[in-house]
Amino acid sequence: MMFFFLPVCNRGYSAFRFCYLKARDYKEIRHYHNPGKIFILQIAASIFLLRSQRDEVMTSSLQSTPSPRQRKFGNQGDENIPRDVEERYIRQILDIVCYDAISCRSLESFTPVKEGAECVFARLARLWGSADWNDQLSLEENVRRSLPMFVKFCAVQSLLGLDGFLFELPGEEFGASPEDLGNGVRRLLKVLSDADPAGVHCMDKSYVSKRGWCFEFDGCTFFVTTFAPCYPDTHSRFNFNSENSFVLLQPEESFLRHNVGADTPHTDWENPRTVRDQIRAAYRRAGRPYSIRDTLFYPPAHDIVKPLGGDPEQDVVAWWDHRGDSN
């Protein structure tokens, strides 16, 4: 029994004491009063003491031995960097890769839409915007410049009560038709999906065009809506004569905060009481009525890029389909 307890002790004396007390607890102390058995126990404890001292020396030696990288470059571990130095270089890195997401060109360009839309929350919506567009870069490169702030947006939107993240796309290339807009939307969402910290990569799913799919990033699910120059003033996606297109990613959590209410195919046009009905009625009065399906069971992707008119179930813009696209 005594050797069963030896490995859990740290030093030889403790081993001896531990074994002695354990034996007493089991009413076997009479065996340890035997001089021969006590002698054996002393030897075992001494061996354990020597082994413990050897292990301590080896551990200390390993801890003090520099790694191959340390031997070549010196000790560069973060634990040796003073806190003030670390905070300074972190701020400098953030200044390089980040930008002011609440004072940027995309939000300024979106002002006519925000102020003109019939949504009761539009004017007061708290939005962050994409980095200013650089004509020398591709769409993918421009979107990547906004990634640091989009990551931050997803992390803090619930805490700060943010309502959406806005991307601005050049209207000449991505706004002349719903198909051109869809091309830009697919490429934009693919860049974000590829960088998803949660590893879901929703744009790689085989069922993007099916029920059950939605856009998500870092565990945050979004309702994605678009506005473009191709839509007339009688369309719900009218961009109020802006020269550019917009892709607005609204966290679904935002709808809960504003108590929009559950989606429904039915609308009380004469006496709208819910927030959702009030918004639909306002758009209808403005001559830009929503196309409302008679069912709730339809693919969300079908509403991201709207057709110019007609039946939304028949004239679907397959923006997710990249076939024939050189990009």
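Residues numbered from 1 in each chain as written. Predicted model: local features only at pLDDT ≥ 70, side-chain atom pairs only at ≥ 80, totals over all residues. Heavy atoms only, no water.

Enquirer: Quick question: what am I supposed to make of a nonpolar patch on the surface here?
Expert: Together, Ile90, Ile93, Leu94, Ile96 and Val97 make up a nonpolar patch on the protein surface, roughly 460 Å² of accessible area in all. Mapped onto the secondary structure, Ile90 falls in helix H6 (residues 83-97). In this structure Ile90 comes out as partly exposed when scored by relative accessible area, which is 37%. (Patch = residues over 30% accessible without salt bridge, like charges linked within 9 Å, V, L, I, M, F, W, Y side chains within 5 Å. Areas by Shrake-Rupley, 256 points an atom, 1.4 Å probe, with all protein chains shown as cover. Salt bridge = Lys/Arg side-chain N within 4 Å of Asp/Glu carboxyl O. Helix = DSSP H or I, 4+ residues; strand = E, 2+ residues; numbered from the N terminus. Buried < 20%, exposed > 50% of the residue type's maximum accessible area, 1.4 Å probe, protein only.)

Enquirer: Honestly, helix H8 (residues 139-160) in this entry has me stumped. Any pointers?
Expert: Note on helix geometry: an α-helix contains 3.6 residues per turn, so any two residues three or four positions apart are oriented the same way. When the local axis directions of H8 are compared, the greatest deviation, roughly 45°, occurs at Leu147, which is followed within four positions by the proline Pro148. For H8, the complete set of buried residues consists of Leu139, Glu140, Asn142, Val143, Ser146, Leu147, Met149, Phe150, Phe153, Cys154, Val156 and Gln157. Trailing H8 by a residue or two, Gly161 shows a phi angle of about 70°, which is positive. (Bend = angle between axes of the 7 residues up to and from the residue.)

Enquirer: Could you clarify how one ought to interpret a negative patch on the surface in this entry?
Expert: On the surface, Glu172, Glu173, Glu179 and Asp180 cluster together into a patch of negative charge. Secondary structure elements with two or more residues in the negative patch: helix H9 (171-174) and helix H10 (178-194). Residue placement: Glu179 occurs in helix H10. (Lys, Arg positive; Asp, Glu negative; His and termini not counted. Charge placed at Lys NZ, Arg CZ, Asp CG, Glu CD.)

Enquirer: So what exactly am I meant to see when it comes to the confidence of the model for the protein chain here?
Expert: One rule of thumb: low pLDDT means the predicted coordinates there are not for detailed reading. Confidence in the prediction of the protein chain, expressed as mean pLDDT, is 81, and 73% of residues score 70 or more. A low-confidence stretch, residues 1-33 (pLDDT under 50), is modelled with 48 contacts involving residues beyond four sequence positions or located in other chains. Taken together, the stretch residues 47-52 has pLDDT below 50 and engages in eleven contacts with residues farther than four places along the chain or on a different chain. (pLDDT = per-residue confidence, 0-100. Contact = heavy atoms within 4.5 Å.)

Enquirer: So what exactly am I meant to see when it comes to the state of the cysteines here?
Expert: Disulfide: a covalent bond connecting the sulfur atoms of a pair of cysteines. Applying the stated rule across the entire model yields zero disulfides. For the unlinked cysteine Cys154, the closest cysteine sulfur is that of Cys220, found at 4.9 Å. (Disulfide = S-S within 2.5 Å.)

Enquirer: Honestly, the packing of H8 against H10 in this entry has me stumped. Any pointers?
Expert: Between two packed helices, the angle of one axis relative to the other and the distance separating the axes together describe the packing. Where H8 meets H10, the axes come as close as 9 Å, and the angle between the chain directions of the two elements is 45°. Between H8 and H10, the angle falls in the class oblique. Relative to H10, the crossing made by H8 is right-handed. Where H8 abuts H10, its residues Leu139, Glu140, Val143, Arg144, Leu147 and Phe150 lie against Gly184, Arg187, Leu188, Val191 and Leu192. Split by residue class, the contact of H8 with H10 holds seven nonpolar, one polar and three charged. (Axes fitted to C-alpha atoms, helices over the stretch in contact; angles between N-to-C directions. Parallel < 35°, antiparallel > 145°, perpendicular 65-115°, else oblique. Left-handed = near helix turned anticlockwise from the far one by under 90°. Nonpolar A, V, L, I, M, F, W, Y, C, P; charged D, E, K, R; others polar.)

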